Amino acid sequence: MWSVAGKYAPASELYRDTRVEDKRILSATINTFDFVRELHGGPLGINSGRRSQAKQEELKLEGYRAATVSPHVYGAALDVDVPDGKRDEYLVALILGAAQIMGLPRPRIGYKQYRKGYTSSFVHFDYCFLLPPETLASLPESVRLAWRVGAMW
Ligand SMILES: [Zn+2]
C-alpha cells in the first residue's frame, strides 16, 4: 500500500518539505510515476511530493491554488515537472496510459487550472480515493465528494 521511494522517485524529491514526519507515499502513486518515467525515457523531476499541513498553509498564503485539504498532505499525490520541449498534455497522456496498463483506477489529474499561457509547468496526479477508509472517513464530506476516480481540473 505504501512506498518510501521509487526506482526513479528519490526521497530527496518526494520529501522536499523537511517538516514531513510520515515519509511514505501510496505505492500506486510511486509506481505510476516510475512507469511514466520509463515511458518518457529520460529524467523527469518531481517538484512536490508529500507536504506538511504547515507547507500547505504557506502555499495558500503565497497565493498558489492550493487546497485546504490536500492529497499531498496524505501522501497520495505528486506534482511532476513538464519536461523541456513538451506540453502538459504529453505528461497527462503518459500518466493515464501508465495507470491503464498497470490496471490501476484512473487517477485524479490537475493541470489546466495551473496553466500560464499554453501549458502548465507541472502536472498534479493522485490516487487519494485509495487512501485507507479510516483516513477518508475523517475528511469533510465536500472533500470526499471531490476525491473521486478520474477527476480532472
Ligand atoms: Zn499537486
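All values reported here derive from a predicted model rather than from experimental measurement.

(A) Quick look at the overall build of the protein chain. A tally of helices and strands in the protein chain yields six helices and six strands. Counted from the first residue to the last, the protein chain has its helices and strands arranged as β-α-β-α-β-α-β-α-β-β-α-α. By principal-axis analysis of the C-alpha atoms, the protein chain measures approximately 40 × 35 × 30 Å. Going through the 153 residues of the protein chain one by one, you find that 35% of them count as buried. For the protein chain, the proportion of contacts with a sequence separation of at least 24, taken over those separated by at least 6, is 70%.

(B) Structural context of the pairing of strand β4 (residues 77-81). Here β4 lies mainly inside the structure; four of its five residues are buried. Strand direction decides the pairing type here: strand β3 (residues 46-48) and β4, joined by two bridges, are antiparallel. Bridge pairing in β4 links S48 to D79. Where β4 lies against strand β6 (residues 122-126), five bridges are found, and the strand directions are antiparallel. Looking at the pairing, A77 lines up with D126 of β6.

(C) Region of the structure containing the nonpolar core. V36, A76, V80, I95, V123 and C128 are the most contacted members of the largest nonpolar core, which totals 33 residues. When residues of this core are traced back to their parent elements, those giving at least two are β2 (25-26), α2 (27-40), β4, α4 (88-101) and β6. Residue contacts for A76: discarding those within four places in its chain leaves L26, T29, P71, D126, Y127, C128 and L131.

(D) Molecular detail of the environment of V80. With respect to the helices and strands, V80 occurs in strand β4. Residue classification places V80 among the buried positions, given that 26 C-beta atoms sit within 10 Å. When the C-alpha positions of V80 and G49 are compared, they lie 8.9 Å apart, and in sequence the two are 31 residues distant. For V80, the residues in contact, after removing those within four places along its chain, are F33, L44, I46, L91, F122 and V123.

(E) Region of the structure containing α4. Helix length check: α4, at 14 residues, gives a terminal C-alpha distance of 20 Å against a target of 20 Å (1.5 Å per residue), a fit within 8%. Buried within α4 are the following residues: D88, L91, L94, I95, A98 and A99. For α4, the buried positions fall inside an angular range of 125° around the axis, keeping them on one side. Across from the buried face of α4, at angles greater than 90 degrees, the exposed residues are A93, Q100 and I101. Those residues of α4 that are buried are in contact with α2, β4, β5 (108-110) and β6. Note on α4: the residue one or two positions beyond its end, G103, has a positive phi of about 75°.

The rules behind each value
- Residues numbered from 1 in each chain as written.
- Predicted model: local features only at pLDDT ≥ 70, side-chain atom pairs only at ≥ 80, totals over all residues.
- Helix = DSSP H or I, 4+ residues; strand = E, 2+ residues; numbered from the N terminus.
- Buried ≥ 20, exposed ≤ 12 C-beta atoms within 10 Å, placed from the backbone.
- Contact = placed C-beta atoms within 7 Å.
- Pairing = 2+ DSSP bridges.
- Core = buried A, V, L, I, M, F, W, Y, C linked by C-beta atoms within 7 Å.
- Expected span 1.5 Å × (residues − 1).
- Arc of directions from axis to C-beta.

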